Amino acid sequence: MFEEHDLFILVSASFVQQVYDVTKYLKDHPGGDEVLLSATGKDATDDFEDVGHSDSARDMLDQYYVGEIDISTIPTKTTYKPPNSNQDK
Ligand code: HEM
């Protein structure tokens, strides 16, 4: 489970991704907290785009902006092992 201070989502389509901390937005999100929770800790670009968020929703992203991360620098070795994954390094 994620702790409240860990509720980061990543949104972008390129290698450099924007990181947003949605912790404070959980209770106010018009789409509910469940969908936000399910999108945290991973690349949430598709989730965010699939909803067809309005321009004003996009503008709100700025409020939760934390910084950028180059996903090519993230270690691929994690404790979480997704099904069908044979990447051990
Ligand atoms: C910081 C990130 C996000 C912000 C600022 C945000 C903002 C909003 C806003 C303002 C709305 C109202 C409708 C609109 O203006 O488009 C909305 C609706 C919604 N959002 Fe988000 N959202 C965020 C992330 C997400 C993510 C990651 C998901 C999916 C996992 C999601 C799913 C939804 C859904 C399902 C609705 C309801 C649409 C409806 O009932 O018509 N949102 N969001």
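Under an unreviewed UniProt entry, the name given to the protein is Cytochrome b5 heme-binding domain-containing protein, and the source organism is Gossypium trilobum. One UniProt comment on the protein, placed under Sequence similarities (unreviewed entry), says "Belongs to the cytochrome b5 family." Checking UniProt for the protein, the heading Subcellular location (unreviewed entry) contains the comment "Endoplasmic reticulum membrane".

(A) The overall build of the protein, seen in detail. Of regular secondary structure, the protein possesses three helices and three strands. Seen in sequence order, the protein has helices and strands lined up from the N terminus as β-β-α-α-α-β. Every one of the 89 residues in the protein was classed for burial, and the buried ones make up 27%. Partitioning the contacts of the protein with sequence separation of at least 6, the portion at a separation of at least 24 is 58%.

(B) Structural view of the coordination of the iron atom of the ligand. With distances of 2.0 Å, the protein atoms coordinating the iron atom of the ligand are His-29 (NE2) and His-53 (NE2). Considering all six donor atoms around the iron atom of the ligand, the spread of angles at the metal, 87 to 179 degrees, places the coordination shape in the octahedral class. Of the two residues, His-29 sits in the loop between β2 (16-21) and α1 (33-39) while His-53 sits in the loop between α2 (45-50) and α3 (55-60), which places them 24 residues apart along the sequence.

(C) Looking closely at the packing of aromatic side chains. Following the criterion strictly, the structure yields two aromatic pairs and no others. Taken together, a centroid distance of 5.9 Å and an interplanar angle of 65 degrees make the contact between Tyr-20 and Tyr-65 edge-to-face. Of the two residues, Tyr-20 is situated in strand β2 and Tyr-65 in strand β3 (residues 65-70); the sequence distance between them amounts to 45 residues. Take Tyr-20: its relative accessible area is 7%, and that puts it in the buried class. A relative accessible area of 39% means that Tyr-65 is categorised as partly exposed. Arranged with centres 5.0 Å apart and planes meeting at 40 degrees, the rings of Tyr-25 and Tyr-64 form a pair that is tilted.

(D) Looking closely at the site of the ligand. Close to the ligand lie 17 residues; His-29, Gly-31, Val-35, His-53 and Ser-54 are nearest. Here a nitrogen atom of the ligand and a side-chain polar atom of His-53 are 2.8 Å apart. Ser-54 places a side-chain nitrogen or oxygen 2.5 Å from an oxygen atom of the ligand. Contributing elements (two or more residues each) for the shell around the ligand: α1, α2 and α3. When residues in the shell around the ligand are grouped by element, the largest group, three residues, is from α1. Grouping the amino acids of the shell around the ligand by side-chain chemistry returns 12 nonpolar, four polar and one charged.

Scoring rules and cut-offs
- Residues numbered from 1 in each chain as written.
- Predicted model: local features only at pLDDT ≥ 70, side-chain atom pairs only at ≥ 80, totals over all residues.
- Heavy atoms only, no water.
- UniProt positions renumbered as here; feature names shortened; annotations may be inferred.
- Helix = DSSP H or I, 4+ residues; strand = E, 2+ residues; numbered from the N terminus.
- Buried < 20%, exposed > 50% of the residue type's maximum accessible area, 1.4 Å probe, protein only.
- Contact = heavy atoms within 4.5 Å.
- Donors = N, O, S within 2.8 Å, 3.2 Å for Na, K, Ca; no water.
- Tetrahedral: all angles 85-135°; square planar, octahedral: opposite > 155°, others 65-115°.
- Phe/Tyr/Trp six-rings, centres within 6.5 Å; stacked < 30°, edge-to-face > 60°.
- Near = heavy atom within 4 Å.
- Polar contact = N/O pair within 3.5 Å; in protein donor to acceptor, adjacent residues only side chain to side chain.
- Nonpolar A, V, L, I, M, F, W, Y, C, P; charged D, E, K, R; others polar.

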